[in-house]
Every structure is written in C-alpha cells, then in structure tokens.
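# An overview of the molecular structure
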2 protein chains.
Amino acid sequence: MAEEEFDVTPFDVEGTVDYDRLVEKFGTEEIDEELKQRFFDLAGDENLYVKRDFIYSHRGLDKALDEYEDGDDFFLYTGIGPSGPMHIGHIVNYYFTAWIQRKFDVNVYIQITDDEKYWDRDIADEEVDENVRDNVREVAAAGFDPDKTFIFRNREYMGNMYDGIVKIAEKVNNSQVKGVFGFEGSTSIGMNFWPAIQSIPAFFEDKRCVIPAGIDQDPYWRIQRDIAEKFGHKKTAAIHSKFIPALTGPEGKMSSSKPETAIMLDDGPEEVEEKIKKHAYSGGGDTLEEHREHGADLSVDTSFQWLRNLLLDDDERMREIAEKYSSGEMMTGEIKEILIEELNQFLEEHQDRKKNADDLVEKMMYEGDLAQDMWNRNIDLRLER
Amino acid sequence: MAEEEFDVTPFDVEGTVDYDRLVEKFGTEEIDEELKQRFFDLAGDENLYVKRDFIYSHRGLDKALDEYEDGDDFFLYTGIGPSGPMHIGHIVNYYFTAWIQRKFDVNVYIQITDDEKYWDRDIADEEVDENVRDNVREVAAAGFDPDKTFIFRNREYMGNMYDGIVKIAEKVNNSQVKGVFGFEGSTSIGMNFWPAIQSIPAFFEDKRCVIPAGIDQDPYWRIQRDIAEKFGHKKTAAIHSKFIPALTGPEGKMSSSKPETAIMLDDGPEEVEEKIKKHAYSGGGDTLEEHREHGADLSVDTSFQWLRNLLLDDDERMREIAEKYSSGEMMTGEIKEILIEELNQFLEEHQDRKKNADDLVEKMMYEGDLAQDMWNRNIDLRLER
C-alpha cells in the first residue's frame with residue numbers, strides 16, 4: 001500500500017493536535033517517505049508505529065543511519081519515571097525502543113529517575129521503591145535484549161557516573177535550564193540540577209545516542225546537543241512520537257490516577273471491556289440515523305486512533321475499518337469490540353511476560369553482559385580545555 | 001592574665017576589619033568570657049586562637065557544650081577546596097579543628113570539594129588530582145586522630161551519600177541559594193546545586209554538627225539550619241574565626257598565586273626569612289625618629305598580628321612584645337626576627353609531619369575505624385512528610 005493513498009483516505013486521519021506545528025515549533029524534521037523506507041530497509045522489517053506515522057518526527061536520525069551504514073552503530077537511551085503504576089500510554093515507547101534494538105542489534109540504556117521523582121512531587125521512599133520494582137518489570141516485558149540493555153536507578157548508579165555529571169554541570173548554567181525547562185525561584189535546586197543527570201546517559205558510549213521520546217520532550221535534549229561537542233561527543237539524535245489520546249477523548253490525557261482515562265497495564269479482560277464500553281470516546285453520530293448518514297469522525301474516535309496507531313498491524317483490515325466506520329456502515333459498538341479484542345490480546349501477552357520478568361530484570365540491572373560492563377565502568381567526560 | 005587587661009592594652013588590638021559589625025551582620029554571637037572559660041574547662045586546656053580572640057564568634061556552641069555535658073557529644077565538619085598549594089592562612093582552621101577533636105575526643109569529617117572546584121573555575125583533572133594529593137597530606141599533618149577522622153573526595157564518596165543529597169535538594173529552592181550565595185543566571189547548575197552537597201556532612205551523625213570556619217562563611221550554613229529539623233536533625237553549630245591578614249598588609253588577602261602575600265606551607269627557612277624581611281607589612285614609624293616617638297601601629301602590623309593570633313602562645317612574652325613595639329622601643333626588624341623564628345619552627349614541624357603523612361592519609365580516607373564505617377554506610381535522610 002503506497003503512502004500517497006494514506007494521505008487522502010481517512011486511514012490517515014490524525015487526532016486534534018496540530019503535529020506539523022509542533023515540528024515547526026521545536027525545529028525538528030518530519031520522517032518523510034524516503035527516510036521511513038530507509039529505516040525499514042536497514043531494520044529489515046517494518047514497524048507499526050512508524051508505518052502509521054504515530055512516530056513521525058526526528059532529529060538526526062538520518063545521520064545515525066549514515067553512521068550505521070558505515071559500520072559505526074548507535075545506542076538507544078530512554079528513561080523510567082517511577083511515579084506509579086503504568087498504563088498503555090507509558091509502554092509504547094519501550095516497545096518501540098526494544099524493536100529498534102532487536103532490528104539493529106544495539107545497546108539500550110534505561111535511566112530510572114528515582115532521584116528526580118523527589119524533586120517532581122512529594123513522594124515517600126516506600127512509594128518510589130514500589131514503583132521502581134513494578135515499572136522495571138513492565139519495561140523488561142517489552143522485549144529488550146537482556147545482555148544489551150542496562151536499566152539503572154540513578155540513586156544506585158550515581159557513584160559510577162558522577163564524574164561525568166560534574167563536567168556537564170560545569171558547562172550548563174541557570175539561564176539555559178530556565179529557558180528550556182521554565183525553572184523558577186521556587187524550583188528546587190535538585191530539579192534545577194536535573195538536566196545534568198538526564199544528559200549523562202547520552203554520553204555513555206562514544207557513538208551517537210538515539211532517544212525515542214514524545215515530541216514534547218524534544219527541548220530537553222537541547223542541553224545535551226549544546227554541549228556534546230565540547231566533550232568530543234556526538235549530538236544526540238531523537239525519534240519523536242505523537243501523543244496517545246486518553247480513553248475519554250482527544251482533549252484529555254491518560255492518567256493513572258483517573259482510571260476512566262486509561263487502560264492500566266495490569267487491567268484484566270473484563271476491566272478492559274467495561275472501561276472501553278463505558279468510556280472510550282466515540283466519533284460516531286449521536287443517533288443511528290446521523291451515524292448512518294455522516295459516519296464517524298475518526299480524528300476524535302479513541303478506538304480508531306488506538307487501533308490505528310498502536311495495535312492493528314494488518315493494513316488491509318485497518319483500511320476496511322476506516323472505510324466502514326467513517327462511512328457509517330460500522331457502528332461504534334463494533335469498533336469497540338475490535339479494540340477490546342486487540343487490547344486484551346496485547347495485554348495478555350504483556351502480562352505473561354511481566355509475570356516472568358524477574359530474571360530479565362536481574363540481567364538488565366546487574367547480571368547481563370552490558371550491565372556487568374557498566375557496573376565496572378566509571379563514566380567521566382573530558383572537556384577540550 | 002585576666003581578660004579585662006587585654007581589652008585596654010595594645011595586646012588586644014585587632015586588624016582593620018570591623019569584626020563586631022560582622023557578628024551583627026550575620027546575626028552570630030561573640031564568644032564571651034564565660035563561654036570561652038567554659039569551652040576551656042570542658043576541653044581541659046586553653047587554645048591559642050580562642051584565647052587571643054582570633055576565633056571569636058559562634059552560633060550554637062553553647063548548645064553543643066550543653067549536650068556534651070549531658071553525654072551527647074558533637075561532631076566536627078570542615079572541608080578542603082583543592083585549588084592549589086596551601087599557605088599558612090589555609091591551615092589554621094585544621095589545626096583548630098584537630099585541637100577540638102583531641103580535647104573532646106569527637107569525630108571529624110573533612111569533605112574534599114573535588115566536584116565544586118570544576119564549578120568554581122576552569123581547572124583540569126590532573127590539577128585537581130594533584131591538589132587533592134598534596135592538600136590531604138597538609139591536612140593530615142595538622143594532628144587529627146586517624147581513627148576518628150574521615151577525609152573523603154566528593155566524587156569518590158558520592159555513591160554513599162547521594163540518597164541524602166537528593167532529599168536535601170528537594171527542600172532547598174533556587175531563591176534560597178540565590179539569596180545566600182548570590183547565584184545568577186550565568187551560575188552553572190553545578191554550583192547552584194552545590195549547597196546540597198555542602199550540607200550533607202552536617203547530617204552524617206544524629207548529633208550536633210560543629211563547623212569551625214571563617215566568619216564570612218557563616219551564611220553558607222543557613223541552608224542546613226533552615227532544613228535540619230525537617231529531617232529530625234539538629235541545626236549545625238559553628239565557631240568563627242577572623243581573617244588572617246596578608247603578609248603585605250591588612251588590605252590584601254593571602255593568595256597562593258601572589259607569593260609575596262603569603263607564606264606557603266612548603267616554604268623553606270630562607271624563603272620565609274626573605275619574604276618576611278621583604279614583604280611583611282610594618283606598622284612601625286617611617287623613620288627611626290618617628291618610630292621612637294610614636295611606636296608601631298599594631299593593628300596593621302602583619303608580624304604582630306600573625307604572632308598574636310597564630311603563633312606565640314606565651315602570654316607574657318606576647319605582652320612584652322606588644323608594649324615594646326607599640327612604644328617604639330622595639331624595632332620592626334626585631335619583631336620580624338621573632339616572627340621568622342616562630343614561623344620556621346612551626347613550618348619545620350608541620351613539614352616533618354607532612355613528609356610522614358602517607359599512612360595517616362590512608363587511614364583517614366580508607367582504613368581507619370571511622371573511614372571503614374563510613375565506606376560501609378549509605379547516608380540517607382527521612383523527611384517527616
């Protein structure tokens with residue numbers, strides 16, 4: 001199926017966010033057809049999220065692929081903010097990161113921000129620890145290579161990376177972090193220091209770091225890009241995703257503390273069914289007549305958006321759903337049933353892997369090849385003074 | 001010799017700094033006769049610096065002594081900023097701290113700020129390392145108990161104290177450190193975070209921390225005092241010294257990079273003699289006649305100030321020098337000879353101890369009783385949330 005077709009079919013309808021404007025605002029680049037094809041060719045496979053333009057923008061991905069073709073591969077970096085149980089919106093980025101890892105056979109570093117959590121909110125030690133224990137198992141279940149993935153708690157790994165952090169913190173000043181993060185007088189000095197800690201994993205290897213993240217997080221890496229070359233390192237590349245609409249519709253955000261807005265990763269099949277039937281925002285007509293006449297507005301329909309962006313890999317089936325639902329032939333109840341089925345299948349597999357994730361976690365944190373290497377390293381940076 | 005006498009004799013003449021104003025400005029308290037006597041009584045000895053009011057102000061020393069009398073002793077905390085070779089002005093505070101340790105049999109923690117140095121100036125790794133190696137040997141030579149003293153490099157010990165630092169950094173904000181340290185937009189985020197790292201040793205024990213330091217450094221501990229009780233800890237106490245005038249006179253500051261202003265700790269006897277004869281600022285008359293008529297102005301005379309504040313313990317002899325020199329009977333050349341003799345004796349002994357300090361350093365950093373305890377500890381703080 002050629003991309004041109006997508007552009008004129010409802011299949012390609014996005015949510016209500018103006019993503020072109022975000023690309024312009026942040027000064028990133030859209031992943032065009034050529035880059036997409038090159039990415040798939042080098043991966044030897046297609047990726048659902050990229051195929052559907054859910055992952056749609058980048059910074060320096062072309063350079064990372066150039067280097068990869070020249071035999072100089074990249075490494076991946078992402079993070080875990082242990083703020084609570086995770087929902088479907090939290091996990092997608094890890095699945096994507098693990099996919100890149102498997103296809104390109106590269107290292108992944110996952111920073112658990114168990115220090116930043118204290119600066120971000122009022123949280124007790126026990127809660128942070130419990131969240132970490134739970135979240136690493138969710139993440140480990142996303143398909144990472146346990147010998148090429150290092151998951152570390154900042155508070156535990158700090159002794160191995162503080163030398164490098166000191167050098168970063170020398171070269172970034174208060175005005176810069178205020179500009180990027182909007183810090184103020186009432187900001188804790190911990191949070192104000194945070195950009196130095198967040199940047200260090202991008203220096204873990206002497207290769208290009210590639211960060212898969214939401215488009216809104218792009219500015220955070222400006223700090224690393226500003227200083228990387230002073231330390232003889234490459235600027236990080238990034239691959240940006242769009243936002244996943246809340247169950248309750250495109251205006252809201254999925255939130256673990258508002259159960260109706262999100263599917264939690266440990267929701268059971270009945271819970272999923274009930275939540276979707278009750279809360280999934282419908283773009284369908286208000287009455288049967290209206291729906292049959294005008295069809296559904298796919299751009300605001302959560303079931304359609306989730307299926308299209310995250311779950312349903314079969315292009316022909318997706319196209320059929322888009323056509324039937326937008327024409328009014330398919331009812332909201334029907335597309336919800338499809339979402340329930342796809343989501344429960346995904347969750348069942350994920351939950352199975354999570355149940356058996358203890359060994360994976362142990363490897364990724366301490367015993368795997370990369371983890372062992374990392375615990376024997378001292379991360380330092382050398383300024384070209 | 002009663003204190004009242006000092007108050008009306010030139011013996012008690014201080015430099016040109018208005019130290020009363022500093023006490024008022026910082027809101028500290030002068031060490032009065034009663035507290036001084038109590039301090040000496042509990043120490044079982046007198047201390048030169050305190051006796052001569054070179055150490056003259058405090059915050060909470062009375063409380064620390066109350067607790068000490070109740071069987072709840074305190075601990076001492078000071079730091080080493082590895083910015084270069086050390087001069088006589090750098091070492092006095094360590095001698096005083098070691099004296100308190102020996103007399104009160106308490107633990108001492110000495111933080112080597114090998115992280116802050118990068119935020120304070122442009123400095124190469126090799127220079128920091130060399131300064132640390134040299135400075136710890138100077139400090140170890142000041143008479144600390146190797147089993148009750150822990151000297152640690154921040155960059156090396158960070159892994160053991162980061163948990164606690166995270167909690168401090170949560171409770172201190174940008175406005176506070178701006179107010180105390182005058183940080184600005186151009187301040188590095190490292191330096192902006194520094195108060196959290198500087199504060200943590202004051203939480204190393206669940207007792208009162210006592211910090212001997214220059215009066216000008218008092219505000220830096222306001223941060224710790226503001227937050228201590230939130231963590232169920234006591235506010236730090238402090239004992240404040242006056243400033244040591246430069247060799248070249250009370251207007252200047254001793255600086256390792258301006259050799260004429262300072263006696264370096266590794267200066268040899270001839271170097272000391274030459275520097276003092278050539279550069280020691282004299283309060284004597286411009287001509288022999290003037291000097292015989294008006295005598296010397298002790299308040300600006302470096303030789304007199306150094307002897308009085310730092311070196312000459314013999315009260316009778318000190319009084320004699322003060323009287324003869326201020327009356328014009330003693331010439332500048334004569335008091336310089338006394339300073340040369342006293343200083344060279346001090347330096348010879350210090351340099352001998354430094355030469356043999358390797359074992360002491362090893363104990364204070366790694367192998368002594370306290371050091372071993374500290375390397376087995378993880379320093380954390382618990383907010384009363």
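Report on the accompanying structure. (Residues numbered from 1 in each chain as written. Chains lettered and ligands numbered in written order. Predicted model: local features only at pLDDT ≥ 70, side-chain atom pairs only at ≥ 80, totals over all residues. Heavy atoms only, no water.)

### Quick notes on the relation of the copies chain B and chain A
Heads up, the condition is: Fitting of the copies onto one another was done by least squares over C-alpha atoms, counting residues only where both copies have pLDDT of at least 70. By the convention used here, residues are in contact when the closest approach between their heavy atoms is within 4.5 Å.
You can overlay chain B on chain A at an RMSD of 0.0 Å; the transform is a turn of 180° with a shift of 0.1 Å along its axis. These values place the two chain copies in the arrangement generated by a two-fold rotation axis. When C-alpha positions in chain B are compared against the rotation axis, the closest is assigned to B:G159, at 1.9 Å. Counting the interface residues of chain B, we find that 100% of their copies in chain A are interface residues as well, pointing to one common contact surface.

### Focus on the interface of chain B and chain A
Keep this limit in mind: Throughout, the accessible surface (probe 1.4 Å) given up by two parts as they are put together, summed over both, is called the buried area. The salt bridge criterion pairs a side-chain nitrogen of Lys or Arg with a carboxyl oxygen of Asp or Glu, the two atoms within 4 Å. Here a polar contact means two N or O atoms within 3.5 Å. Within protein one must be a hydrogen donor candidate and the other an acceptor candidate, and residues neighboring in sequence count only if both atoms are side-chain atoms.
If you look at the interface, chain B gives 41 residues, while chain A gives 41 residues. Of all residues in chain B, B:R155, B:Y162 and B:I189 bury the most surface against chain A, accounting for 22% of the area lost on that side. Counting the contacts that link chain B with chain A gives 8 salt bridges. The tally of links between chain B and chain A comes to 26 residue pairs in polar contact (both at pLDDT 80 or more).

### As for the environment of A:E348
Inclusion rule: Under the scheme used here, helices are H or I runs from DSSP no shorter than 4 residues and strands are E runs no shorter than 2 residues, and both carry numbers assigned from the N terminus.
Among the structural elements, A:E348 can be located in helix α17 (residues 332-355). Sequence spacing of A:E348 and A:F104 is 244 residues, and the spatial spacing of their C-alpha atoms is 27 Å.

### Re a negative patch on the surface
Residues and elements named next belong to chain A. Cut-off, in case you're wondering: What goes into a patch is any residue over 30% in relative accessible area without a salt bridge, connected to like charges within 9 Å or, for nonpolar side chains (Val, Leu, Ile, Met, Phe, Trp, Tyr), within 5 Å. Accessibility throughout is a Shrake-Rupley quantity obtained with a 1.4 Å probe, and a residue counts as covered only by protein chains that appear here. Neither His nor the chain termini are counted; the positive set is Lys and Arg, and the negative set is Asp and Glu. All charge positions are set by atom: Lys at NZ, Arg at CZ, Asp at CG, Glu at CD.
Taken together, D18, D20, E24, E29, E30, D32 and E34 make up a surface patch of like negative charges. Elements that contribute at least two residues to the negative patch include exactly α2 (19-26) and β1 (29-30). Its location among the elements puts E34 in helix α3 (residues 33-43).

### Some words on the side chain of A:K117
For the record, the criterion: Accessibility here uses a 1.4 Å probe with only protein chains present; expressed as a share of the type maximum, an area under 20% marks a residue as buried, one over 50% as exposed, and anything in between as partly exposed.
Residue position: A:K117 is located in helix α7 (residues 116-120). Looking at A:K117, the relative accessible area reads 6%, which means it is buried.

### Some remarks on the sheet that holds strand β3 (residues 75-80) of chain A
Residue and element names in this part refer to chain A. Basically, it comes down to this: We call two strands paired when DSSP finds no fewer than two bridges between them. Fitted lines through C-alpha atoms serve as axes, helices being fitted only where they are in contact, and the angles separating the N-to-C directions of these axes extend from 0 to 180 degrees.
An order of β1-β2-β7-β6-β3-β4-β5 is seen for the 7 strands of this open sheet, with the pairing classed as mixed. Looking at which strands have only one partner, the edges of the open sheet turn out to be β1 and β5 (149-153). Where β3 meets strand β4 (residues 108-112), 5 bridges bridge the pair, whose relative direction is parallel. Across the sheet, residue T78 finds its bridge partner in β4, namely I110. Relative to strand β2 (residues 55-59), α2 is tilted by about 10°, and along the sheet it contacts β1 and β2. Across the face of the sheet, helix α9 (residues 154-171) comes into contact with β4 and β5 while running at roughly 105° to β5.

### Observations regarding the pattern of salt bridges
Taken as a whole, this structure holds 76 salt bridges over all chains when the rule is applied. One network of salt bridges, in which partners are shared, links A:D114, A:D129, A:R153, A:R155 and B:D163.

### A short note on the packing of α3(A) against helix α6 (residues 88-104) of chain A
Two quantities define a packed helix pair, namely the angle between the axes and the distance from one axis to the other. Residues and elements named next belong to chain A. Let me state the cut-off plainly: Angles below 35 degrees are treated as roughly parallel, those above 145 as roughly antiparallel, those between 65 and 115 as roughly perpendicular, and all remaining angles as oblique. Just so you know the grouping, Ala, Val, Leu, Ile, Met, Phe, Trp, Tyr, Cys and Pro go in nonpolar, Asp, Glu, Lys and Arg go in charged, and all remaining residues, Gly too, go in polar.
α6 packs onto α3 with a crossing angle of 60° between their chain directions and a minimal axis gap of 8 Å. Taken as axis vectors, α3 and α6 run oblique relative to one another. Along the contact surface, α3 presents F39, L42 and A43, while α6 presents F96, W99, I100, K103 and F104. Grouping the amino acids of the contact of α3 with α6 by side-chain chemistry returns 7 nonpolar, no polar and 1 charged.

### Thoughts on the packing of aromatic side chains
As a reminder, the rule being used: Each Phe, Tyr or Trp ring, with Trp reduced to its six-membered ring, pairs with another whose centre is within 6.5 Å; inter-plane angles below 30 degrees give stacked pairs, above 60 give edge-to-face pairs, and intermediate values give tilted ones. For a ring to carry a charge above it, either NZ of a lysine or CZ of an arginine must fall within 6 Å of the ring centroid while also lying within 35 degrees of the normal to the ring plane.
Taken as a whole and assessed by the stated rule, the structure comprises 55 aromatic pairs over all chains. On the numbers, 6.2 Å between centres and 75° between planes, the contact of B:Y49 with B:F96 is edge-to-face. Note that B:Y49 is positioned in helix α4 (residues 48-51) and B:F96 in helix α6 (residues 88-104), a separation of 47 residues in sequence. Assigned by exposure class, B:Y49 and B:F96 land together as buried. A ring pair is formed by B:F75 and B:Y109, whose centres lie 5.6 Å apart and whose planes are at 90°; its orientation type is edge-to-face. Of this pair, B:F75 sits in strand β3 (residues 75-80) while B:Y109 sits in strand β4 (residues 108-112), placing them 34 residues apart in sequence. Assigned by exposure class, B:F75 and B:Y109 land together as buried. Through a chain of ring-to-ring contacts, three or more aromatic side chains come together here, namely A:F39, A:F40, A:Y49, A:F54, A:Y68, A:F74, A:F96, A:W99 and A:F104. Looking at A:K242, its charged tip hangs above the ring of A:Y56, at a distance of 5.1 Å from the centre.

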